[in-house]
Number of protein chains: 2
Amino acid sequence: MVQATAQLEQDFLDYVKKMTAYNEALSLMFWDLRTGAPKKGIEQRSEVIGMLSSEVFRMSTSEEMAAYIAKLSSTEQLSEVTAKILEESKKDYDRNKKIPAGEYKEYVILQSKAESVWEEAKAKSDFSMFLPFLNKLVETNKRFINYWGYEGNKYNTLLDMYEPGVTVEILDKVFGELREKIVPLVKRISDSANKPATEFLYKKFPKDKQKGFSEEILRQMGYNFDAGRLDETVHPFAIGLNPGDVRVTTKYDETDFRTAVFGTIHEGGHALYEQNISTELVGTSLCTGTSMGIHESQSLFYENFVGRNESFWTKNYGLLKSYAEGQFDNVDLGDFYRAINESKPSLIRIEADELTYPLHVIIRYEIEKGLFNDEINVEDLPQVWNDKYEEYLGVRPENDAQGVLQDVHWSGGSFGYFPSYALGYMYAAQFKNALLKDIPNYDQLLEQGNLLPVKEWLTEKVHKHGKMKKPLEILTDVTGEGLNANYLINYLYEKYGRVYELN
Amino acid sequence: MVQATAQLEQDFLDYVKKMTAYNEALSLMFWDLRTGAPKKGIEQRSEVIGMLSSEVFRMSTSEEMAAYIAKLSSTEQLSEVTAKILEESKKDYDRNKKIPAGEYKEYVILQSKAESVWEEAKAKSDFSMFLPFLNKLVETNKRFINYWGYEGNKYNTLLDMYEPGVTVEILDKVFGELREKIVPLVKRISDSANKPATEFLYKKFPKDKQKGFSEEILRQMGYNFDAGRLDETVHPFAIGLNPGDVRVTTKYDETDFRTAVFGTIHEGGHALYEQNISTELVGTSLCTGTSMGIHESQSLFYENFVGRNESFWTKNYGLLKSYAEGQFDNVDLGDFYRAINESKPSLIRIEADELTYPLHVIIRYEIEKGLFNDEINVEDLPQVWNDKYEEYLGVRPENDAQGVLQDVHWSGGSFGYFPSYALGYMYAAQFKNALLKDIPNYDQLLEQGNLLPVKEWLTEKVHKHGKMKKPLEILTDVTGEGLNANYLINYLYEKYGRVYELN
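Residues numbered from 1 in each chain as written. Chains lettered and ligands numbered in written order. Predicted model: local features only at pLDDT ≥ 70, side-chain atom pairs only at ≥ 80, totals over all residues. Heavy atoms only, no water.

As recorded in an unreviewed UniProt entry, chain A goes by Metal-dependent carboxypeptidase and comes from Bacillus canaveralius. Taken verbatim from the UniProt record of chain A, the Function (unreviewed entry) comment is "Broad specificity carboxypetidase that releases amino acids sequentially from the C-terminus, including neutral, aromatic, polar and basic residues." As stated in UniProt under Catalytic activity (unreviewed entry), the record for chain A gives "Release of a C-terminal amino acid with broad specificity, except for -Pro." (UniProt positions renumbered as here; feature names shortened; annotations may be inferred.)

Here it is, written out as structure tokens:
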């Protein structure tokens, strides 16, 4: 009996390993499409991706999978890793099985149509084109929520897909606190006469030089080029095929080096997470980041707490100058530091600075919550959107392209995803606070360019666990408390008070 | 009944399409491994490739496949394309099913061990290390031939895997003629006092400049960069993922530009084949070159009849000079042309010139034929090898690394593959002769850099058919005759007589 279970466990692990293998092939095809795949091959490639994805989906909902779940759930002899894989598999299985096959198929077609309509609507800045599709996407997700069931708030079911354990109750509290504190700080900065000079940021900085600098910084962060590579793309991302192959992509703007430099540091943070997952999880479904939010905590930790830190530039400003073509010759470190930390309310989330960024996310959270609780109608979105931007950021979009149509997420049916961005930022601030207790000389290490103790700490606390721990479990284990907005608020007040000499 | 057959045919095509899709994913993983995949990811990647390959193999030998073959073989309503796919599927099925599963598995393990032992044996130049593995590989293939059956000669069964329809009877004749004519020509050239000067070939030519020139030549050939890309690798190859995505790889030697230039033209020839297969074959198992030999005919056509042609350099020598750093400043076109067509007996096949190359292949053919007809013992191979090199080429290897251990093929169990290289060359010469009837101003077109009519002719005659026609069918349709060594012999006599001013 014990032996039979051991065999069944092994068969289950082999089955999951095959799905993981197929996912690696899919990841490579995705990476390839975005880093130089010939355009005439794209149509056929999409078919290939479709077929392999369908196979993974089929395996996740097959009778074989059902049998593994049924038989293994009742045994207590599973290893800790297998038990966790089983839990994840069951969650996927239940979620996918509860949607009638016909409805799911229709939804996939809707997503694909909606995405191309959104693209056109955005180009024409015409929300009314996208409206019927967005309506259907929201309606379908509402129906799915009924199939899936919910606790407390319907929107919780969507949140759970990206950040298991995080609920409306939690977010209302922390996002409320963030908003309440950040809005007046943004206002004070907007009104401040003491603004940094920034013209020197926009001088020509050749692409290959930016690449050279970016590579040096990735190395300094501890990114392992034997287990990764850096390529160019249009919409940057990092992707982990397995811990030995985690690729970073970036974009070069020759008249604004910040795009590549901070973009690479951000994606490098994601990549460090995937490169340092424990090798015992390789070939399992747990060999990836545990949630969108925890992933974002790693990228934002590096982008903001390392890359926008003054000590980091004490070490690296000279290096940057050596790659640049004289654009910083008459700029001292203090002025450079202030310039790269300029904060200014803006309309586009992905271009926002670290202070105003959370407000962009909170607006989307409030809108999504309203939509799924029937408090906001889809047709009113442009109005609601613009009003909130005016209220929180003091700027009002002049058209839908700059407003409600700017993000791709909703066109793909991704509702509940946005909060991860601000959650990640809060996690990062909480991690930073905990790290300072173990590594009080953090700034000194940055000044020395010795980032390895930081990476090792994050690996020990976060990276190595992969999906073995849930996001809030990691947070509590590392910081001794749950979500707490104060660490981020304090960081922003302290830093921006200093950069803008507010007091 | 008709409708039931139509449905069955469609199901079969969908089944094959899925296998084709998996093969595209495999091809991308292969390409990626050889063009910059991070080394720490290779171990896991091998597992992924193993799993996906096994799945394709499983599908090709499944009960489902057996049912399609059984049911569809008896119907006469199939489209021409489906009938051909069915024929190919049946051939694969039969071949794979005849080997007992246990023996096949053992063979796969043997191949993988043998390859790493070969690598070490070659490094140490020690045939005795490799001997027991080569013995087993040969023995296993002999056993497999018994399972598969054979007609006329046991070796025919192996030839058929790479060049269906080509037999020992045919090869004995044409390879015999080639050998008989080439050996004395090589001897005359070796004895000639009138050798070209070549020192200027070995000057420094920077990699990025070589790349620029190679790209221009690929464009001139009609290679479509919207359906391909050029990357660097160690062992160059071209690979077709689908006709819209056919990638070329090359290698740069900064002190010998010929490696990249002729290598790129050669791989470009392969790539033109794959880019120009009829779109109606996309997603089927027929969407690839019909045989190794016909594939090689396309690469050798471009490498030798285009790339080593004087008219081609009349057009492109100036261009080459514009990329080079002065190395050709004092070299006139005639001297350049003679230098790149230097012929000299050598020990290593992949470094051989176009005149001596066929002899390298013929030696391997004679040895393989002897092995599988029990006329040569594996342990005698170094002796046999060296004797043949001395007899045909007038050079004798000083050690096994330069001799019998130089090629990877046998270590992977690829017996019957080598003849394709020389067959391709003969096909190419026959195609060239047929092409001249339709395009008598061939040399003039090359002088103008107008290679498109050549590409269009080859597409019409060869490329577009994919695997719809067998190699000898293509040859007969295009040239009106079967294999005939005289075209290649005449070409070599005419050209080398001229280059070495023999008469």
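Caption draft 1: Just the UniProt feature "active site" (unreviewed entry) in chain A, in detail. Residues and elements named next belong to chain A. According to UniProt, the "active site" (unreviewed entry) feature falls on Glu267. Inspection of the secondary structure puts glutamate 267 in helix α10 (residues 258-275). Taking the relative accessible area as the measure of exposure, glutamate 267 reaches 9% and is therefore buried. Once residues lying within four places of it in the same chain are set aside, the contact partners of glutamate 267 are Pro236, Phe237, Ala238, Val248 and Thr249. (Helix = DSSP H or I, 4+ residues; strand = E, 2+ residues; numbered from the N terminus. Buried < 20%, exposed > 50% of the residue type's maximum accessible area, 1.4 Å probe, protein only. Contact = heavy atoms within 4.5 Å.)

Caption draft 2: Local environment of empty space enclosed by the protein. Residue and element names in this part refer to chain A. Using the criterion set out here, one finds one cavity of 30 Å³ or more in the structure. Quantified by volume, the largest cavity comes out at close to 50 Å³. If you trace the largest cavity, you find it lined by Phe130, Arg364, Trp385, Val404, Asp407, His409, Trp410 and Phe418. The residue makeup of the lining of the largest cavity, split by class, is five nonpolar, one polar and two charged. (1 Å grid on protein atoms, 1.4 Å probe; cavity = no way out; pocket = protein on both sides within 12 Å on 5 of 7 lines; lining within 4 Å. Points joined across faces, edges and corners; volume = space filled by probe spheres on them. Nonpolar A, V, L, I, M, F, W, Y, C, P; charged D, E, K, R; others polar.)

Caption draft 3: Expanded view of the interface of chain A and chain B. Counting residues at the interface gives 36 residues for chain A and 36 residues for chain B. At the boundary of chain A with chain B, total buried surface from both sides reaches about 3000 Å², with 59% on carbon and sulfur atoms. For the chain A face of the interface with chain B, the top three residues by lost area are A:Pro38, A:Gln44 and A:Met51, together amounting to 18%. Here chain A and chain B share twelve salt bridges between them. For the salt bridge of A:Glu55 with B:Lys18, the shortest nitrogen-to-oxygen distance reads 3.0 Å. Where chain A touches chain B, the interface holds 18 residue pairs in polar contact (both at pLDDT 80 or more). Those elements giving two or more residues to the side of chain A that touches chain B turn out to be α1 (2-33), α2 (42-60), β2 (238-242) and β3 (245-250) of chain A. (Buried area = accessible area lost by both parts, 1.4 Å probe. Salt bridge = Lys/Arg side-chain N within 4 Å of Asp/Glu carboxyl O. Polar contact = N/O pair within 3.5 Å; in protein donor to acceptor, adjacent residues only side chain to side chain.)

Caption draft 4: Inspection of the sheet that holds β3(A) at higher detail. Residue and element names in this part refer to chain A. Read across the sheet, three strands follow the order β1-β3-β2 without closing on themselves; strand pairing throughout is mixed. With partners counted over all chains shown, the strands left at the sheet margins are β1 (230-232) and β2, one partner each. Averaged over all neighbouring strand pairs, the angle between strand axes comes to 25°, with direction disregarded. In terms of strand pairing, β2 meets β3 through four bridges, oriented antiparallel. When the bridges of β3 are listed, asparagine 242 appears paired with aspartate 245. (Pairing = 2+ DSSP bridges. Axes fitted to C-alpha atoms, helices over the stretch in contact; angles between N-to-C directions.)

Caption draft 5: Representation of the sheet that holds strand β1 (residues 230-232) of chain B within the structure. All names here are of chain B. Strand order in this open sheet of three strands is β1-β3-β2, and the pairing throughout is mixed. Of all strands in the sheet, those bounded by a partner on one side alone are β1 and β2 (238-242). Adjacent strand axes in the sheet meet at a mean angle of 25°, parallel and antiparallel pairs treated alike. Sheet strands in contact with helix α10 (residues 258-275) are β1, β2 and β3 (245-250), and its direction is about 165° off that of β3.

Caption draft 6: Expanded view of helix α13 (residues 333-340) of chain B. Residue and element names in this part refer to chain B. Among the residues of α13, those classed as buried are Phe336, Tyr337, Arg338, Ala339 and Ile340. Against α10, α12 (310-323) and α20 (486-499) lie the buried residues of α13. Sitting at the head of α13, aspartate 332 places a side-chain oxygen 3.1 Å from the backbone nitrogen of glycine 334.

Caption draft 7: Main features of the domain arrangement of chain A. Residue and element names in this part refer to chain A. With domains assigned, chain A is organised as domain 1 (2-97) and domain 2 (199-342 + 436-469). Each of domain 1 and domain 2 was reduced to a C-alpha centroid, and the two centroids are 31 Å apart. Across the contact, 15 residues belong to domain 1 and 19 residues belong to domain 2. Overall, the association of domain 1 and domain 2 removes approximately 1500 Å² of surface from exposure, summing both partners, and the carbon and sulfur fraction of that is 67%. Our count for the contact surface shared by domain 1 and domain 2 stands at one salt bridge. We note a salt bridge from lysine 467 to glutamate 88, for which the minimum N-O separation is 3.6 Å. At the boundary of domain 1 with domain 2, the tally comes to four residue pairs in polar contact (both at pLDDT 80 or more). For the side of domain 1 that touches domain 2, the elements supplying multiple residues, two or more each, are α1 and α4 (80-97). Examining the composition of the side of domain 1 that touches domain 2, we find that eight residues originate from one element, α1, more than from any other. Grouping the constituent residues of the side of domain 1 that touches domain 2 by class yields six nonpolar, three polar and six charged. (Domains from an automatic or database assignment.)

Caption draft 8: Representation of the side chain of A:Ser60 in the model. Residues and elements named next belong to chain A. Mapped onto the secondary structure, serine 60 falls in helix α2. Residue classification places serine 60 among the buried residues on the basis of a relative accessible area of 7%. At 2.8 Å, the side chain of serine 60 and the backbone oxygen of phenylalanine 57 are in polar contact.

Caption draft 9: Spatial organisation of the environment of B:Asn373. Residue and element names in this part refer to chain B. Within the secondary structure, asparagine 373 is located in the loop between α14 (357-372) and α15 (381-393). As a C-alpha pair, asparagine 373 and glutamate 501 span 128 residues in sequence and 42 Å in three-dimensional space. Setting aside chain neighbours within four positions, we find asparagine 373 in contact with Asn153, Lys154 and Tyr155. One polar contact links asparagine 373 to asparagine 153, side chain to side chain, over a distance of 2.9 Å. Polar side-chain contacts of asparagine 373 include one of 2.8 Å to the backbone oxygen of lysine 369.

Caption draft 10: Molecular detail of unusual backbone geometry. One non-glycine residue, A:Asp374, adopts positive backbone phi at about 55°. Note on placement: A:Asp374 falls in the loop between α14 (357-372) and α15 (381-393).

Caption draft 11: How the structure looks around the relation of the copies chain A and chain B. Taken as rigid bodies, chain A and chain B are interconverted by a rotation of 180° and an axial shift of 0.0 Å, the fit giving an RMSD of 0.0 Å. In the structure described here, the two chain copies are related by an operation that fits a two-fold rotation axis. No C-alpha of chain A approaches the rotation axis more nearly than that of A:Ala25, which lies at 3.2 Å. Both copies present the same face, since 100% of the interface residues in chain A are matched by interface residues at the equivalent positions in chain B. (Least-squares fit on C-alpha atoms with pLDDT ≥ 70 in both.)

Caption draft 12: View of the side chain of A:Asn484. Residue and element names in this part refer to chain A. Relative to the elements of secondary structure, asparagine 484 occurs in the loop between α19 (471-479) and α20 (486-499). Judged by its relative accessible area of 17%, asparagine 484 is buried. Residues within four places of asparagine 484 in sequence aside, it is in contact with Val174 and Gln430.

Caption draft 13: Expanded view of the packing of aromatic side chains. Counted under the stated rule, the structure contains 78 aromatic pairs over all chains. Summarising the aromatic geometry, the rings of A:Phe301 and A:Tyr442 are spaced 6.4 Å apart at their centres and angled 85° between planes, so their arrangement reads as edge-to-face. In this pair, A:Phe301 is assigned in helix α11 (residues 292-306) and A:Tyr442 in helix α17 (residues 442-448), connecting sequence segments 141 residues apart. Ring geometry for B:Tyr427 and B:Phe431: centres 6.5 Å apart, planes at 25°, overall stacked. In this pair, B:Tyr427 and B:Phe431 both sit in helix α16 (residues 419-438), four residues apart, roughly one turn of the helix. Seen from the ring of A:Trp31, A:Arg247 lies directly overhead, with NZ or CZ sitting 4.3 Å from the centre. Here the basic side chain of A:Arg308 rests over the ring of A:Phe262, its NZ or CZ set 4.1 Å away from the ring centre. (Phe/Tyr/Trp six-rings, centres within 6.5 Å; stacked < 30°, edge-to-face > 60°. Lys NZ or Arg CZ within 6 Å of the ring centre and 35° of its normal.)

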